[in-house]
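# Observations on chain architecture
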Amino acid sequence: MAVQGDLIDNLIYGIDLKNRRLYFGVGLDSAEENPGDFSQASIELAIRALHKMASDAPGKPIEIHMNSYGGDPYAMLRLHDEILSCPCQIKFYGGGAIMSAATWVMAVADERYLHANATVMVHDGSEGFEGKHTDAQIQAAEMKRLQDKLYDIYEANSRMPKSFWEDVCQRDLYLSASEAVSLGLADKIIE
């Protein structure tokens, strides 16, 4: 019966402990509005699995397989930090949509592979401001802080300087897999 339970966990939660894989994409039973997006719940579940795999075999690689439009930048930064501190090599495999916050995770993986038809989208993010003028100023300052962090991540993990990312991220920039490789955001296209 454990095999069936493992299979259900793999399909629904995207965690394959046996093969050391984490999957981000649409969950089969998800009631979320955008189930491929990063959320606090999906990230915390992934981090628990990451810790389990790292403690079981610290020298063996862990794979992240992703198809995501992005999501909560704070949740993504949590996963970003865990990837950087993980004793295991992290291999990223992206297909479909690798967009917004998903690109931040791709950028920091040790090895980064994209399927030939993957689409990568980078941008500053999008937030609407509501409330009092002072609250809008506070939100704008926080968005600026997150944007600077984004540019630093891209600069440290690509072939392009921070000024390049500050310029091109002013609007949504869609990249083919080969363009993402040429900029240094990914390492290789899966043939």
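Look a little higher up for the structure.
Predicted model, so just to flag it, every value in this text is computed and none were measured.

Conventions and cut-offs
- Residues numbered from 1 in each chain as written.
- Predicted model: local features only at pLDDT ≥ 70, side-chain atom pairs only at ≥ 80, totals over all residues.
- Heavy atoms only, no water.
- Disulfide = S-S within 2.5 Å.
- Buried < 20%, exposed > 50% of the residue type's maximum accessible area, 1.4 Å probe, protein only.
- Helix = DSSP H or I, 4+ residues; strand = E, 2+ residues; numbered from the N terminus.
- Expected span 1.5 Å × (residues − 1).
- Arc of directions from axis to C-beta.
- Contact = heavy atoms within 4.5 Å.

### Here we look at the state of the cysteines
Here is the idea: a disulfide is a covalent bond, and it sits between the sulfur atoms of two cysteines. Going through the model one piece at a time under the given rule, you end up with 0 disulfides. C86 takes part in no disulfide bond, and the closest cysteine sulfur, belonging to C88, lies 4.2 Å away. Residue classification places C86 among the buried positions, given a relative accessible area of 14%.

### Comments concerning helix α2 (residues 40–56)
If you check α2, its first and last C-alpha atoms are 24 Å apart, about what 17 residues at 1.5 Å a residue would give, namely 24 Å. Of all the positions in α2, only I43, A46, I47, A49, L50, M53 and A54 are classed as buried. One side of α2 carries all its buried residues, which in axial view fall inside an arc of 165 degrees. In α2, those exposed residues whose orientation departs by more than 90 degrees from the buried face are A41, R48 and S55. As for α2, its buried residues are in contact with β1 (15–16), β2 (21–24), β3 (62–68), α3 (73–85) and β4 (90–99).

### Comments concerning helix α4 (residues 101–108)
In terms of burial, α4 is largely enclosed, as 8 of its 8 residues are buried. If you check which residues of α4 are buried, you get A101, A102, T103, W104, V105, M106, A107 and V108. Residues of α4 that are buried sit in contact with β3, α3, β4, β5 (111–115), β6 (119–122) and α5 (133–156).

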